[in-house]
Amino acid sequence: MTNGAFTFVLHSHLPYARQSGMWPHGEEWVHEAISETYLPLLNALYDLKNEGVAYRLTVSITPILAEQLDDPLIKDHFETYAHERSVWATADIDRFAASGDEKLKELAAFYRDWYDATLSAFRDRYGRDIIGAFKKLQDDGYIEISTSAATHGYLPLLSRDSSIVGQLRTVIRSYKRMFGRQPTAIWLPECAYRPARPAEATPEGIARPAIEEYLANQGIKVFFSETHTVEGGKPVGKAAGEAIGPHGEVHRRFKEIETGELQETPGTTFKPYWVGNAAGKVAVLARNNRTGQQVWSGQFGYPGDAAYREFHRKDGVSGMQYWAIGGPGTDLGDKPLYDPATARERVKSHADHFAGLVAEQLREYREETGAPGLIASNYDT
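Model, not experiment: these values are computed from the prediction.

Chemist: Break down the overall build of the chain for me, with residues and values.
Modeler: Assigned secondary structure in the chain consists of 11 helices and 9 strands. Relative to a compact globule of 381 residues, whose C-alpha radius of gyration would be 21 Å, the chain shows 23 Å and is just as compact. Expressed along its principal axes, the backbone C-alpha trace of the chain runs to roughly 75 × 45 × 45 Å. Burial status across the chain gives 46% buried among its 381 residues. Residue pairs in contact within the chain that sit at least 24 positions apart in sequence constitute 67% of those at least 6 positions apart. If you sum the accessible surface of the chain, you get close to 18700 Å²; carbon and sulfur atoms cover 53% of it. Separation between the mean location of the 42 positive side-chain charges and that of the 51 negative ones in the chain comes to 5 Å.

Written out as structure tokens, the structure reads:
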């Protein structure tokens with residue numbers, strides 16, 4: 001028997017930026033994400049498909065992002081964005097050639113080729129239809145596209161439950177129009193969960209059903225949560241030793257999927273659970289902390305590696321990002337030049353390490369419990 005299963009979940013979301021100006025915080029935010037995230041991801045997924053790799057993963061696309069990616073105006077603006085940067089990089093090649101800086105000249109050529117290839121993929125490989133490209137992968141069984149709340153609203157803090165219903169009904173309509181089917185999974189905004197509250201426990205004296213009851217009513221079968229929602233532990237902001245009460249109703253509302261027994265103690269992220277009054281209808285998958293921290297942690301996570309590109313330093317003429325992160329605490333003005341070849345090597349070593357970490361975690365859980373485990377690794381795309 002295998003040691004378990006691995007669920008890779010990529011959550012894709014951007015606020016609504018259509019026609020909100022451009023640099024530094026307007027619609028260019030969407031264009032940048034298309035060129036540096038969504039198109040490279042699609043290229044990788046379609047390349048793997050063409051190579052015969054039978055992969056399976058989950059890609060969450062919020063309705064706000066999906067509507068923008070499918071918008072004709074944003075598509076037109078993205079083409080302008082990619083073309084402009086190719087032109088700017090070409091001008092940098094001449095500028096650095098004139099100054100005799102061969103390394104920066106090579107990087108400028110790298111960017112020119114990057115944006116030319118990006119524009120070609122957008123137009124020729126995907127026919128300007130990013131949403132359609134993701135839909136095709138779902139229809140062919142390679143990915144599952146999960147959804148989120150309509151405006152990415154923080155559901156537990158909405159003052160009226162009718163707003164929760166509206167958020168979910170709206171996203172179901174949007175999803176069906178975009179992808180031609182009913183969604184089965186949802187990324188709750190900020191992974192925020194709310195248990196049921198009796199009338200006497202609410203300020204307004206009105207009973208508040210748990211989030212999963214609304215999900216069940218809309219046909220949603222699974223949601224993703226943070227680690228501590230299932231495992232327990234101190235919430236953010238509690239000092240060491242500070243009382244936080246019992247592990248609470250959140251944990252007691254979980255039921256074992258195989259036996260249906262109530263989970264009276266904190267659970268494990270290596271299992272899915274039925275949730276509360278929606279048991280048998282809605283399950284929860286919590287983020288695996290060890291694999292999660294390997295990416296998110298600023299102390300030992302992959303993205304802070306010295307060889308990767310520095311996001312914040314940009315060329316004063318073209319705006320291109322020609323520098324690497326460098327060592328810890330490196331001043332922005334002292335950043336070394338970025339080397340794409342070194343970064344590619346580091347990507348491979350980090351991928352090998354991550355795959356080994358997943359295998360190790362599942363093996364250890366199997367040895368401890370005798371049962372196969374499930375690792376859900378959830379990240380922003």
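Chemist: I'd love a proper account of the packing of helix α10 (residues 289-296) against helix α11 (residues 340-369), names of residues and values included.
Modeler: Contact geometry for α10 and α11: axes closest at 10 Å, N-to-C directions at 160 degrees. Taken together, the axes of α10 and α11 are roughly antiparallel relative to one another. Along this stretch, α10 crosses α11, giving a crossing that reads as right-handed. The segment α10 lies against α11, with Arg 290, Thr 291 and Gln 294 engaging His 353, Phe 354, Leu 357, Val 358 and Gln 361.

Chemist: If you had to explain the side chain of Ser 60 to someone new, which residues and values would you point to?
Modeler: Inspection of the secondary structure assignment puts Ser 60 in strand β2 (residues 57-61). A residue is classified by how much of its surface remains accessible, and Ser 60, at 0% relative accessible area, is buried. Here the side chain of Ser 60 touches His 11 through a polar contact of 2.9 Å, side chain to side chain. If we skip the residues at most four places from it in the chain, Ser 60 touches Leu 10, His 11, Ser 12, Ser 146, Thr 147 and Trp 187.

Chemist: Can you explain unusual backbone geometry? Please cite residues and give values.
Modeler: Of note in this structure, Arg 128 is not a glycine but carries a positive phi near 65 degrees. Here Arg 128 shows up in the loop between α4 (102-125) and α5 (130-139).

Chemist: I'd love a proper account of empty space enclosed by the protein, names of residues and values included.
Modeler: If a probe the size of a water molecule is rolled over the atoms, the empty space left behind becomes visible. Inspection of every chain in the model, using the stated rule, returns 1 cavity of 30 Å³ or more. If you add up the space inside the largest cavity, you get close to 50 Å³. Those elements that provide at least two residues to the lining of the largest cavity are α2 (63-69) and α6 (161-179). In terms of residue count, α6 provides more of the lining of the largest cavity than any other element does, 5 residues in total. For the lining of the largest cavity, a count of residues per class yields 7 nonpolar, 2 polar and no charged.

Chemist: For the pattern of salt bridges, give the residues involved together with the corresponding values.
Modeler: Pairing between side chains becomes possible if they bear opposite charge and their charged atoms approach one another. Applying the stated criterion across every chain, the model contains 26 salt bridges. For the salt bridge of Glu 28 with Arg 85, the shortest nitrogen-to-oxygen distance reads 3.5 Å. In this pair, Glu 28 is assigned in helix α1 (residues 28-50) and Arg 85 in helix α3 (residues 72-99), connecting sequence segments 57 residues apart. The pair Glu 28 / Arg 85 is uniform in exposure class, with both members buried. The partner of Lys 348 in a salt bridge is Asp 352, with the nearest N and O atoms 2.8 Å apart. Taken together, the residues Lys 348 and Asp 352, both in helix α11 and 4 residues apart, mark about one turn of the helix. Here Asp 352 falls in the partly exposed class, since its relative accessible area comes to 44%. In this structure, a network of salt bridges that share partners links the residues Asp 76, Glu 79, Arg 123 and Arg 128.

Chemist: Give me the sheet that holds strand β6 (residues 254-256): which residues, what numbers.
Modeler: Overall, mixed pairing links the 5 strands, which are arranged β4-β5-β8-β7-β6 in an open sheet. In this open sheet, the two edge strands, each paired with only one partner strand, are β4 (185-187) and β6. The sheet shows a mean angle of 40 degrees between the axes of neighbouring strands, direction not considered. Bridging between strand β5 (residues 222-225) and strand β8 (residues 283-286) involves 4 bridges; their strand directions are parallel. Residue Phe 224 lies in a different strand from β8, and its bridge partner there is Leu 285.

Chemist: Can you explain the nonpolar core? Please cite residues and give values.
Modeler: In this structure, Ile 34, Phe 134, Ile 143 and Tyr 322 are the most contacted members of the largest nonpolar core, which totals 55 residues. Only α1, β2, α2, α3, α4, α5, β3 (143-146) and α6 provide two or more residues apiece to this core. If near-sequence neighbours (up to four positions away) are discounted, Phe 134 is found in contact with Tyr 38, Leu 41, Leu 42, Val 59, Ile 61, Ile 143 and Ile 145. Ranked by size, the runner-up nonpolar core spans 24 residues in total, among them Leu 155, Ile 186, Leu 215 and Ile 220.

What counts and what doesn't
Residues numbered from 1 in each chain as written. Predicted model: local features only at pLDDT ≥ 70, side-chain atom pairs only at ≥ 80, totals over all residues. Heavy atoms only, no water. Helix = DSSP H or I, 4+ residues; strand = E, 2+ residues; numbered from the N terminus. Rg over C-alpha atoms; globule rule 2.2 N^0.38 Å. Buried < 20%, exposed > 50% of the residue type's maximum accessible area, 1.4 Å probe, protein only. Contact = heavy atoms within 4.5 Å. Areas by Shrake-Rupley, 256 points an atom, 1.4 Å probe, with all protein chains shown as cover. Lys, Arg positive; Asp, Glu negative; His and termini not counted. Charge placed at Lys NZ, Arg CZ, Asp CG, Glu CD. Axes fitted to C-alpha atoms, helices over the stretch in contact; angles between N-to-C directions. Parallel < 35°, antiparallel > 145°, perpendicular 65-115°, else oblique. Left-handed = near helix turned anticlockwise from the far one by under 90°. Polar contact = N/O pair within 3.5 Å; in protein donor to acceptor, adjacent residues only side chain to side chain. 1 Å grid on protein atoms, 1.4 Å probe; cavity = no way out; pocket = protein on both sides within 12 Å on 5 of 7 lines; lining within 4 Å. Points joined across faces, edges and corners; volume = space filled by probe spheres on them. Nonpolar A, V, L, I, M, F, W, Y, C, P; charged D, E, K, R; others polar. Salt bridge = Lys/Arg side-chain N within 4 Å of Asp/Glu carboxyl O. Pairing = 2+ DSSP bridges. Core = buried A, V, L, I, M, F, W, Y, C linked by side-chain atoms within 4.5 Å.

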